[in-house]
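The chain contents come next:
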Amino acid sequence: MTRAERTRWLLWLLIGGPIAVFSIWALVDNTRLYLLTLLNGLTLASLYFIVAAGFTLVFGLMRNVNLAHGSLYLLGGYVGFTIAEKTGWWVLAMAGGFLAAAIAGLLIQVLILRHMQGQDLRQTMVTIGLSIVIADILLWIFTGQVHQMEAPEWLQGPIRDIPVIRAYSAYRLSLLAFGIVIGVFLWWLLNRTRVGTMIRAGVDDRAMLSAAGVNVNLVFAITFMLGAGLAGIGGVIGAVELSMVPGEDTRLLLASLVVVIVGGMGSVVGAAIGAVILGLAETYGLAYAPTYSVVFTFVILVLVLAFRPRGIMGKAA
Amino acid sequence: MRVTKRFVVRSLLSAAAAMAVAGGAWAQGAPIKIGLLATLEGPFAAGGADGMRGAELAVMQRGGTVAGRRIEIIKASSNANPDVAVNAVRKLVEQDKVDIVVGPLSGSEGIAVKNYSKTQPQVTFINGGSGAQATTLVDPSPNFFRFNTEGAQWMVGLGKAAIDKGYKRVMVIAEDYAFPYSQVQGFMAEFCRLGGKVPVKAWVPLGGKDYASTIARIPKDVDALLVVLGGADAVNFLNQYEAAGGDKPMMGGSITVSQDVLNYRGKRRDSLVGTISAGPLADSFDGADWRAFVADYKKNFPVDKGGFPSPSLFALVYYTNMKAALDGLDAVRGDLANNHARYRDSLSKLELKMPTGTVRLDSNRQAIGTTFVTEVVKDSKGELTTRVLRKVDNVEQLLGIPRDQFKIGTRDEPSCP
Amino acid sequence: MSAAYWRRAMNTGLAAAARPLPLPRAGVAAPVAAAAVDPYADSDAPRWLRFLWRHLAARHVFVLAFVLAFPFVATSFFTFQIAAQSLALGLIALSLTFLGGYGGMVSLAQMTVAGIAGYVVSILGASATEVSLGWPWWAAVPFALAIATACATLIGWLSVRTEGIYTIMITLAIGVAFYYLALQNYSLFNGFQGFQKVYPPTLLGVDWRSPMPFYFLCLALSLAGYLWVKWLVRSPFGIALQGVRDNPRRMAALGFHVTAHRVAAYAVAGLIAAVGGVLFTWYNGLISPNSVGTGWLINVLVIAVLGGMRHPIGAFLGAVVFVLLQTFAIDIIDRERFNLVIGVVFLAIVLFSPDGLLGLWAKLRSRFGPQQALTSPTPRRQA
């Protein structure tokens, strides 16, 4: 066995070992809780994946750390909530949230960020300023009250008579479905369309993309729209499951940051892996050691940064 | 006329006399400056605004003057952070030079302001809405007065009501910080003493909205859930609980059974009937003073001017504390000499008539007041509303436990698994 | 940066006069060489006085006199709440200015480091909370500084081994993670309540928390930090750091250890932030998880950018503006919309004047000031 292979085996053992021991103990102790938590973790991971995928696309292509991503999530959620209240159509709310966030993203990119091409730090600081302003405007309009959106009729209520876990929320399972659908759509977009090819090429080498004659500004605008729109959809989905309140933007932003750091910049597959790791860590932490669930996240973050600074699927420069 | 020495002396004397008279008249008309601090920013902004309305109501009821002097209110704002609250109070005291401070709103702000009050003996500090136990129980300040009962006192009576309903084993679901700790303690002090058991306490991290893991932990053999979450968070919890197929009855903390919960439209709406909770006020209380207070609030702050449909908890506590401040001033005819010595004495002995009952202060300047135990019922139109089950008077901060055995509520304290 | 500039920076003083240095603009005479000549070389004044004459301008003397005389003419409210708070905050922002402006790494975890120092001084020292150990200040404070600097080094080591723009993300994530740790942990950090009554000691018969002594304490430490940063950026380490900021690949090719320089910069910034953190905790008299929450992490960035990230004095300028806005906003506009005002101001600065208020001032001066000669006889200064 070569040295690299041996290190890989060691790493798998060090991380996988305690997890395996814990899983066996938990399964024996309270099977229902373990399986429920597994499902909870995967469904939460789907929400994180949807939001973080947008973030990683924008960063991977445009090297722009969009710290207003959380505010776009909040914007999409509030717009979706308002539409659902007025029309009662949840699908319309989803579309509305996506559009609102996408348009906001487009405006940000075209009006502000395009003029600062190449000044990565300045762009990031602009997004920080925008996040403060957007969050405060939303607080002004919607006040600090908690807004809870209702799930659509056909998704309300539990699915009963499942072996071992007895019942599970239909809406939460649908989250899993959403995550998979969006993941497949993103894969198709990136791998089977021209735009996707341009985006992937841009992630690898921005200068060559422009040298090859592609309208880089257009690609950037589309990517930013897509990224923001994903945050908006995440907001509408989260408004039902988690409710909308100022402060959710910071939480989702932090979750996106951790997912992208752990999973790797610019990689949608990395976002999926990171989201699964983060979702499972958070939910298992909440279920078995609620006080320190966030510390688990922190420990994972530090470990990844210490040993694989580029993330699990990140590419070297 | 000739300017002689006599002329000069006389004119000087008369000028001095005129100034003394004018100065005296000026001092008599000098307004009493009261600083009013509430959380006008951040998550409690709506509550803080209503608190200010409650305090202003107390001032309006006196026509804006007390003991012949005009009342001048100077507003300050914080965002539930103790350092912001102390900065705001420091500005009120040292820059705006107020005589009395009424505030703050949230628990940890209250402790910070109490510590500050010890360094400013020339100003009297009266609480606004903060309900942390430690403010008056640990290291109290001689010039900090609290005329509202605190979080643990608000739950007295609920333990007995739970036992009466047949709940012997209860699981606690609450947010992980000081106010829910005190609420749970207020419940458990009585509940455990009467033989109840609390096998599991699930502390949800502050701001966490994902209750799925907590719901997964609910044991099969508990009789009810004590949910100490804010009204809207309680609705979120109910939604998730219902979606996960749960069916246990609920009991609420003081801020849980709010209008959001009463407007709940989920499938388990009917199971909400019979939910008991406790708090310092009850919308459906039949007392004459309470109804007069509600009418007065609605008249001065109609809904289209930003008022709530009915005064909230924050309006009531701020109203109580401001009314106490003004009643005390009235009792000493505005005499604030000697570092407010007579004023503070009168405050300590004040028997305050409140819309919900009478309030006195104990030796730590903490209020001894009234708590209501309420139950959710369906009215004739099929809407959910609350009715008063019991009115508990003379609730003390020590909850009937001897001082040397009393421990402030924490995650693990009290415990009766 | 050309070799000539490098050499000029490295050799200030009389020796430089001996070497004729070429200017970047070809064909212009070399008055810079004249500038390096000591105009006071013939004077009889002692060496230290000549040093001061060379380096101090009128504005330096004026500002120094102002800050020294300030507490005697202002009310104790202004001295304590405005001035001392600005100085303590300014010190924390100075650490970010050094790290971001001279090191090229914008770290959102400077307030975290300051918070760690504040927490350690509360845990080890005396406070109203049971968790505190009650050590005397001469044991608690050095420990706090040491632990906070060590944490800053660790944060630096975690953040610098990747691209520059990663730094903001990683430090934000670390900062928020620390916030949640402080919020959830009761055995060490006392959770949501935090620590109350954390005061500076009474030393030499003086209560160091009363307005004037505290102001002078903050002033002395701020001045020390400011002068240290100004000296550091002209030292070999500082020049190398700026080189690393501008072109890390070239510096690596020249044989400099890029990562070590960056981590060392984090350590220096950590020490400055730690001192600022202890002062800020003493100013508030308490520390709670909100002191290290996202709001404050971003506020420190806003302060540094407001003043101008390329100038050390910008940190203090930004802090004064921020504190004034924070204190008097309620009298002018709705305090509720304070965040909106700060956000808009920050956005405006980043969009139109990236060098902050000082950059704006420089632009205005060059636009409306007296016509400057193409080359100025005095060496270029950064405030």
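What you are looking at is a predicted structure, and each value in this text was computed from that prediction instead of being measured.

For chain B, the count of helices and strands is 13 helices and 15 strands. Considering only residue pairs separated by 6 or more positions, chain B has 75% of its internal contacts joining residues 24 or more positions apart.

Bringing the overall build of chain A into the picture now. When helices and strands are counted, chain A shows 12 helices and 2 strands. Traced from its N-terminal end to its C-terminal end, chain A shows the element sequence α-α-α-α-α-β-β-α-α-α-α-α-α-α. For chain A, the C-alpha radius of gyration of 20 Å lies close to 20 Å, the compact-globule estimate for 317 residues. Contacts in chain A between residues at least 24 apart in sequence constitute 75% of all its contacts with a sequence separation of at least 6.

A separate point is the sheet that holds strand β1 (residues 32-39) of chain B. Residues and elements named next belong to chain B. Judged by pairing direction, the sheet is mixed, and its 6 strands sit side by side in the order β2-β3-β1-β4-β5-β6 without closing on themselves. The open sheet terminates on both sides in strands that have one partner only, identified here as β2 (65-66) and β6 (144-145). Sheet analysis places β2 next to strand β3 (residues 69-78), joined by 2 bridges and oriented antiparallel. Its bridge partner lying in β3, V66 is registered against R69.

All names here are of chain B. Domain parsing of chain B yields domain 1 (31-148 + 286-369) and domain 2 (153-279 + 379-405). Taken residue by residue, the interface counts 13 residues in domain 1 and 11 residues in domain 2. In terms of residue class, the side of domain 1 that touches domain 2 is made up of 4 nonpolar, 8 polar and 1 charged.

In this structure, Y48(A), I261(A) and A173(C) are the most contacted members of the largest nonpolar core, which totals 331 residues. When residues in this core are grouped by element, the largest group, 16 residues, is from helix α2 (residues 31-62) of chain A. Residue contacts for A173(C): discarding those within four places in its chain leaves L254(A), L257(A), V258(A), I261(A) and L301(A).

This next bit is on the pairing of strand β14 (residues 367-378) of chain B. Residues and elements named next belong to chain B. Note that strand β11 (residues 276-279) and β14 share 4 bridges and pair antiparallel. Pairing of I276 across the sheet is with E375, part of β14. Where strand β13 (residues 357-361) lies against β14, 2 bridges are found, and the strand directions are antiparallel. If you follow L361 over to β14, its bridge partner there is A367. Taking the residues between adjacent antiparallel strands as the criterion, β13 and β14 are bridged by 5 residues, where R365 takes a positive phi near 60 degrees. Strand direction decides the pairing type here: β14 and strand β15 (residues 384-395), joined by 9 bridges, are antiparallel. By the bridge assignment, T371 is partnered in β15 with V392. Adjacent in sequence and paired antiparallel, β14 and β15 are bridged by 5 residues, among which G382 carries a positive phi angle near 85 degrees.

Our focus in this paragraph is the interface of chain C and chain B. Each side of the interface is counted separately: chain C has 22 residues, and chain B has 25 residues. Ranked by residue count, the leading element in the side of chain C that touches chain B is helix α6 (residues 76-102) of chain C, at 3 residues. For the side of chain C that touches chain B, the per-class residue count stands at 8 nonpolar, 11 polar and 3 charged.

Residues and elements named next belong to chain C. A bend of about 25 degrees at A84 is the largest found in α6. Counted residue by residue, α6 has 24 buried out of 27 residues, so it is predominantly covered. Once α6 ends, the next one or two residues include G104, with phi positive near 75 degrees.

A word on the packing of helix α6 (residues 170-192) of chain A against helix α7 (residues 194-204) of chain A. All names here are of chain A. For the pair α6 and α7, the least separation of the axes is 5 Å and the interaxial angle reads 80 degrees. With respect to α7, the element α6 is oriented roughly perpendicular. On α7, the residues touching L189, L190, N191 and R192 of α6 are V195, G196, I199 and R200. In terms of residue class, the contact of α6 with α7 is built from 4 nonpolar, 2 polar and 2 charged.

Summary statistics for chain A give a mean pLDDT of 86 and a share of 99% for residues scoring 70 or more. Ranking the helices and strands of chain A by mean pLDDT puts helix α4 (residues 90-112) of chain A first, with 92, and strand β1 (residues 158-162) of chain A last, with 79.

This brings us to the packing of helix α3 (residues 82-95) of chain B against helix α4 (residues 107-117) of chain B. All names here are of chain B. Look at α3 against α4: their axes get within 8 Å of each other, and the N-to-C directions meet at 40 degrees. When the interaxial angle is binned, α3 and α4 end up oblique. Relative to α4, the crossing made by α3 is right-handed. Seen from α3, the contacting residues are P82, A85, V86, V89 and R90; seen from α4, they are S108, E109, A112, V113 and Y116.

Looking now at the environment of T320(B). All names here are of chain B. As for its position among the elements, T320 is in helix α12 (residues 313-331). Residues T320 and P199, 121 residues apart in the sequence, show an inter-C-alpha distance of 38 Å. Excluding its chain neighbours within four sequence positions, the residues that come into contact with T320 are F147, N148, M354 and V359.

Turning to α3(B), a few remarks are in order. Working note: α-helix, 3.6 residues per turn, so residues spaced by three or four point in the same direction. Residue and element names in this part refer to chain B. In a regular helix each residue adds 1.5 Å, so 14 residues correspond to 20 Å; α3 covers 19 Å between its end C-alpha atoms and thus fits that length. For α3, the set of buried residues is P82, D83, V84, A85, V86, N87, A88, V89, K91, L92 and V93. Positive phi shows up at K97, right after α3, with a value of about 55 degrees.

The subject of this paragraph is the environment of N81(B). Looking at the element boundaries, N81(B) is found in the loop between β3 and α3. Distance in space between the C-alpha atoms of N81(B) and K220(B) is 40 Å, their sequence separation being 139 residues.

With that settled, consider the interface of chain A and chain C. Listed per partner, the contact involves 33 residues of chain A and 31 residues of chain C. The set of elements that each furnish at least two residues to the side of chain A that touches chain C consists of α5 (120-142), α10 (248-263) and α12 (293-307) of chain A. Among the elements that take part in the side of chain A that touches chain C, α5(A) stands out by supplying 13 residues, more than any other. Here the residues of the side of chain A that touches chain C sort into 23 nonpolar, 5 polar and 5 charged.

In this section: the pairing of strand β2 (residues 166-169) of chain A. All names here are of chain A. As judged from the 4 bridges shared by β1 and β2, these two strands associate in the antiparallel manner. Following the sheet pairing, I162 is matched in β2 by R166. Hairpin connection from β1 to β2: 3 residues lie between these consecutive antiparallel strands, with V164 at a positive phi of about 70 degrees.

On to unusual backbone geometry, then. Residue and element names in this part refer to chain B. G103 connects to P104 through a cis peptide bond whose omega is -5 degrees. Turning to its location among the elements, P104 is positioned in the loop between β4 (100-102) and α4. Looking along the chain, the bond that leaves E413 and enters P414 is cis, with omega of -5 degrees. A positive phi is found at N338, a non-glycine position, where the angle reads about 60 degrees. Judged by local crowding, N338 falls into the exposed class, with 10 C-beta atoms found within 10 Å. With a phi angle near 60 degrees, H340 is a residue other than glycine that sits in the positive phi range. Mapping H340 onto the fold places it in helix α13 (residues 337-349).

What counts, and where the lines are drawn
Residues numbered from 1 in each chain as written. Chains lettered and ligands numbered in written order. Predicted model: local features only at pLDDT ≥ 70, side-chain atom pairs only at ≥ 80, totals over all residues. Helix = DSSP H or I, 4+ residues; strand = E, 2+ residues; numbered from the N terminus. Contact = placed C-beta atoms within 7 Å. Rg over C-alpha atoms; globule rule 2.2 N^0.38 Å. Pairing = 2+ DSSP bridges. Domains from an automatic or database assignment. Nonpolar A, V, L, I, M, F, W, Y, C, P; charged D, E, K, R; others polar. Core = buried A, V, L, I, M, F, W, Y, C linked by C-beta atoms within 7 Å. Buried ≥ 20, exposed ≤ 12 C-beta atoms within 10 Å, placed from the backbone. Bend = angle between axes of the 7 residues up to and from the residue. Axes fitted to C-alpha atoms, helices over the stretch in contact; angles between N-to-C directions. Parallel < 35°, antiparallel > 145°, perpendicular 65-115°, else oblique. pLDDT = per-residue confidence, 0-100. Left-handed = near helix turned anticlockwise from the far one by under 90°. Expected span 1.5 Å × (residues − 1).

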